[in-house]
Number of protein chains: 2
Amino acid sequence: MYPHLKAAELSHALLEKLIRPGQTVIDATAGKGHDTLFLAQQVQKEGKVYAFDVQEEALAYTRQLLAAHGLLEQTELIRDSHVFLRRYVQEPVSAAIYNLGYLPGGDKKIITAADTTLASLRECMELLAPGGVIAVVVYPGHPGGEQEAACVEAYLGNLAAPPWYVFSWKRVNHKVPAPYLLMVEKQNCR
Amino acid sequence: MYPHLKAAELSHALLEKLIRPGQTVIDATAGKGHDTLFLAQQVQKEGKVYAFDVQEEALAYTRQLLAAHGLLEQTELIRDSHVFLRRYVQEPVSAAIYNLGYLPGGDKKIITAADTTLASLRECMELLAPGGVIAVVVYPGHPGGEQEAACVEAYLGNLAAPPWYVFSWKRVNHKVPAPYLLMVEKQNCR
């Protein structure tokens with residue numbers, strides 16, 4: 001399959017066109033640091049990435065990856081739940097990424113869950129600047145994942161337009177649940 | 001709304017990464033020529049675009065647009081139904097675009113319909129090279145559009161994987177039917 005057609009890769013392709021150097025962005029689920037690295041590359045030295053994870057293991061991966069690319073400077077790694085992101089971020093953010101589920105290769109019992117994911121999304125939407133975008137990659141394949149995906153989609157699917165525009169990118173011809181992307185845009189002021 | 005989040009624009013963003021200069025591609029619904037122009041820009045002078053439309057008015061728009069960009073040379077404009085595309089195209093194609101519905105600003109009674117769209121898609125899939133992609137933008141908003149969209153999605157949703165990978169891009173928080181994108185990829189040989 002073309003990489004660009006995968007949910008996480010498509011989120012990068014879309015965010016790449018939106019994020020500008022110097023902006024503030026959030027990685028709500030640092031994990032192995034791939035999204036954090038991508039975000040740091042977009043905002044560059046003059047920008048700021050806040051990256052959250054509850055697991056020290058994840059932050060260690062992320063720290064190492066960012067350091068290897070010389071991009072640690074614009075990144076703040078925070079060991080806390082993304083539910084509390086407004087304790088750490090006060091300024092408007094231009095983009096955020098949620099890559100739900102568990103840490104790849106890590107403890108599969110430590111997963112994101114519908115209630116905290118929704119609480120965090122609400123906080124993040126409060127911080128989102130007009131024209132800003134939140135990318136949420138959901139994984140309905142693991143135990144609890146399907147319920148989390150359904151809750152997130154139901155919540156986002158009921159947001160009022162304007163100011164919220166919500167889109168989904170999904171595999172259509174698939175028997176087992178495949179990861180998919182939800183994109184939330186906050187309308188720009190005109 | 002960010003233009004990149006609209007169905008037709010996203011199809012271009014995705015195809016841009018896949019189409020290479022020198023390839024052969026199809027615009028199954030020339031319309032006002034926007035997709036034909038985009039395709040001609042991707043395949044360049046050494047490539048080939050076959051553009052179909054049943055309406056002379058559409059081909060006139062397309063011819064004018066392509067000529068204005070100096071890209072008529074690599075484009076063959078065909079006034080016939082896309083059902084018969086294999087009468088005109090025998091070589092493998094790398095990409096195709098279907099932008100369904102009616103000609104914007106034209107006669108809204110002249111619309112694509114489920115049976116001919118499906119017949120044409122089947123022909124197009126026969127021509128598609130491994131690694132090739134078909135983008136289908138469906139419009140469920142006009143009379144007949146919802147039924148056509150449902151038929152196309154049901155057909156594509158039942159294709160076997162491998163070799164077919166099918167994705168959808170849809171507005172989630174929308175009360176009235178919005179245009180959406182279906183992307184069909186034929187797996188590359190390994």
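Shown above is the structure to which this text applies.
Residues numbered from 1 in each chain as written. Chains lettered and ligands numbered in written order. Predicted model: local features only at pLDDT ≥ 70, side-chain atom pairs only at ≥ 80, totals over all residues. Heavy atoms only, no water.

(A) Region of interest: the overall build of chain A. When you go through chain A residue by residue, the secondary structure sums to six helices and seven strands. Reading chain A from its N terminus to its C terminus gives the helix and strand order α-β-α-β-α-β-α-β-α-β-α-β-β. Expected size for 190 residues packed as a compact globule is a radius of gyration near 16 Å; at 15 Å, chain A falls within 12% of this value. C-alpha atoms of chain A, sized along the principal axes, occupy 45 × 45 × 35 Å. Looking at chain A residue by residue over its 190 residues, the buried ones come to 55%. Across chain A, contacts joining residues at least 24 apart in sequence account for 72% of those joining residues at least 6 apart. About 8100 Å² of surface is accessible on chain A, with carbon and sulfur atoms providing 52% of the total. (Helix = DSSP H or I, 4+ residues; strand = E, 2+ residues; numbered from the N terminus. Rg over C-alpha atoms; globule rule 2.2 N^0.38 Å. Buried < 20%, exposed > 50% of the residue type's maximum accessible area, 1.4 Å probe, protein only. Contact = heavy atoms within 4.5 Å. Areas by Shrake-Rupley, 256 points an atom, 1.4 Å probe, with all protein chains shown as cover.)

(B) Local environment of the interface of chain A and chain B. Taken residue by residue, the interface counts 33 residues in chain A and 33 residues in chain B. On the chain A side of the contact with chain B, Tyr-2, Phe-167 and Asn-173 of chain A bury the most area, a combined 21% of that side's loss. One can count zero salt bridges joining chain A with chain B. On inspection of chain A and its partner chain B, the count reaches 12 residue pairs in polar contact (both at pLDDT 80 or more). When contributions to the side of chain A that touches chain B are tallied by element, the ones reaching two or more residues are helix 1 (7–16), strand 5 (128–138), helix 6 (145–157), strand 6 (164–171) and strand 7 (180–186) of chain A. In terms of residue class, the side of chain A that touches chain B is made up of 21 nonpolar, five polar and seven charged. (Buried area = accessible area lost by both parts, 1.4 Å probe. Salt bridge = Lys/Arg side-chain N within 4 Å of Asp/Glu carboxyl O. Polar contact = N/O pair within 3.5 Å; in protein donor to acceptor, adjacent residues only side chain to side chain. Nonpolar A, V, L, I, M, F, W, Y, C, P; charged D, E, K, R; others polar.)

(C) Main features of the environment of Ile-111 of chain B. All names here are of chain B. On the secondary structure map, Ile-111 appears in the loop between strand 4 (93–99) and helix 5 (114–127). Sequence-wise, Ile-111 and Leu-159 are 48 residues apart; in three dimensions their C-alpha atoms are separated by 25 Å. Look past the residues within four positions of Ile-111 in its chain and what remains in contact with it is Gly-101, Tyr-102, His-142 and Pro-143.

(D) Here's a closer look at the relation of the copies chain A and chain B. Each copy of the sequence occupies a distinct position, and chain A is placed on chain B by a rotation of 180° and an axial shift of 0.0 Å, giving an RMSD of 0.0 Å. The relationship between the two copies is best expressed as a two-fold rotation axis. Within chain A, Trp-169 of chain A has its C-alpha nearest the rotation axis, a separation of 2.3 Å. Both copies share a contact surface, since 100% of the interface residues of chain A are interface residues in chain B too. (Least-squares fit on C-alpha atoms with pLDDT ≥ 70 in both.)

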